[in-house]
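If you want the building blocks of each chain, they are given just below.
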Amino acid sequence: MSVCLDQSFYSRPTDLVAKELLGNRLVRLIESKENGIERLSGIIVETEAYGSDDDPASHAYRGLTPRNAVMFGDVGRAYVYFTYGNYFCVNVSARACERKAGAVLIRALQPVDGIEVMKSFRKTDNEFSLTSGPGKLTQAMNITKLLNNVDVTDPKSLLSIEWGFPAPQIVITQRIGITRAVDRKWRYVAGYRKDSCLLINKYASRRR
DNA sequence: TCGATGATTGAG
DNA sequence: TCAATCATCGAA
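Predicted model only: the values in this text are computed from it and were never measured. All residue numbers here refer to positions counted from 1 along the written sequence of the relevant chain. Working convention: letters from A go to chains and numbers from 1 go to ligands, in the order in which they are written. The predicted nature of this model means local features are confined to residues of pLDDT at least 70 and side-chain atom pairs, given and counted, to a pLDDT of 80 or more, with totals for whole chains, interfaces and linings taken over all residues. To get the side-chain values, take all heavy atoms of the structure and skip hydrogens and water.

Participant: An account of a nonpolar patch on the surface is requested, with residue identities and associated values reported.
Facilitator: A cluster of nonpolar side chains, namely M1, V3, W163 and F165, defines an oily patch on the protein surface of about 600 Å² accessible area. Helix and strand assignments come from DSSP, with helices taken as H or I runs of at least 4 residues and strands as E runs of at least 2, each series counted from the N terminus. Tracing the backbone shows M1 in the segment before α1 (7–10). Under the scheme applied here, a residue whose accessible area is under 20% of the maximum for its type counts as buried, over 50% as exposed, and between as partly exposed, the area being computed with a 1.4 Å probe on protein chains only. Judged by relative accessible area, which is 99%, M1 ranks as exposed. A patch consists of residues whose relative accessible area exceeds 30% and which take part in no salt bridge; residues with like charges are grouped when within 9 Å of each other, and nonpolar side chains (Val, Leu, Ile, Met, Phe, Trp, Tyr) when within 5 Å. Here the Shrake-Rupley method, with its probe set to 1.4 Å, supplies the accessible areas, and only the displayed protein chains count as covering residues. Counted as salt bridges are all cases of a side-chain nitrogen of Lys or Arg within 4 Å of a carboxyl oxygen of Asp or Glu.

Next comes the structure, spelled out in structure tokens:
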């Protein structure tokens, strides 16, 4: 019995949602004639928050366009966009009720279900390079624009987010790969304690 | 219509 | 460190 996070979870400040998504699970169901329904999943270990007209780094900064419409619509929907001519990125729409738009970019997963299938989509055997980046995880789970605006609060959706456990430790940093509002610390990474040091999850992205 | 840009990645 | 690669968007 799977339990998804509901709309009330996403109807809160985007940075808080980004932080609390860590430890929950992104689930992709793939329908195929040979294998029926394949379940791919991974624990969310890295996220970033993006706002609206108050956030120059956000796609929603200059207002509503066809691409970013999901950020302005119902919360708890997948916002999937194409970038750099090669890759998709997946977000979940989320914002406090008084905000115009918002989304949380899912940047990395710790793979759990369907690892062999994900390896074939990614054309690699390296488990640590499977879902350790926003473009990698969409490739591993075959997440494309077809899933834009899918309701991730519905367990029957082809893409959903299941309730899990909060990350035991969280590392907070600046967002990656942006050129504006670089000072804001809206990136959240799952971490763990080792010998009184706080280390980042091994499935998080490596670049900065 | 057109040029600039980008919430990235893999190769070198 | 850098090029690949193209949809999107704002300006013309």
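Participant: Residue-level account of the nonpolar core, with values.
Facilitator: Nine residue types can take part in a nonpolar core, namely buried Ala, Val, Leu, Ile, Met, Phe, Trp, Tyr and Cys, and a core is a set of them joined through side-chain atoms within 4.5 Å. In terms of nonpolar packing, the biggest core is built from 40 residues, with Y10, L21, L26, I106, L159 and I161 touching the most fellow members. Contact definition: two residues touch when any of their heavy atoms are within 4.5 Å. In contact with Y10, other than residues within four places in its own chain, are L5, V17, L21, V75, G76, V92, S93, A94, R95, V152, T153 and I161. Core analysis: the second largest hydrophobic core is formed by twelve residues, Y79, Y81, A101 and A181 among them.

Participant: Go over the pairing of strand β4 (residues 87–93), please, and point to the residues and values.
Facilitator: For β4, the buried fraction is high: five of the seven residues fall into the buried class. Criterion used throughout: strands pair if DSSP finds at least two bridges between them. Note: strand β3 (residues 78–83) against β4, six bridges, orientation antiparallel. Bridge pairing links Y79 to N91 in β4. Connecting β3 to the next strand, β4, in antiparallel fashion are three residues, including Y84 with a positive phi near 55°. Two elements, β4 and strand β5 (residues 103–113), share three bridges in a ladder whose sense is antiparallel. Considered in β5, the bridge of V92 is made with V104.

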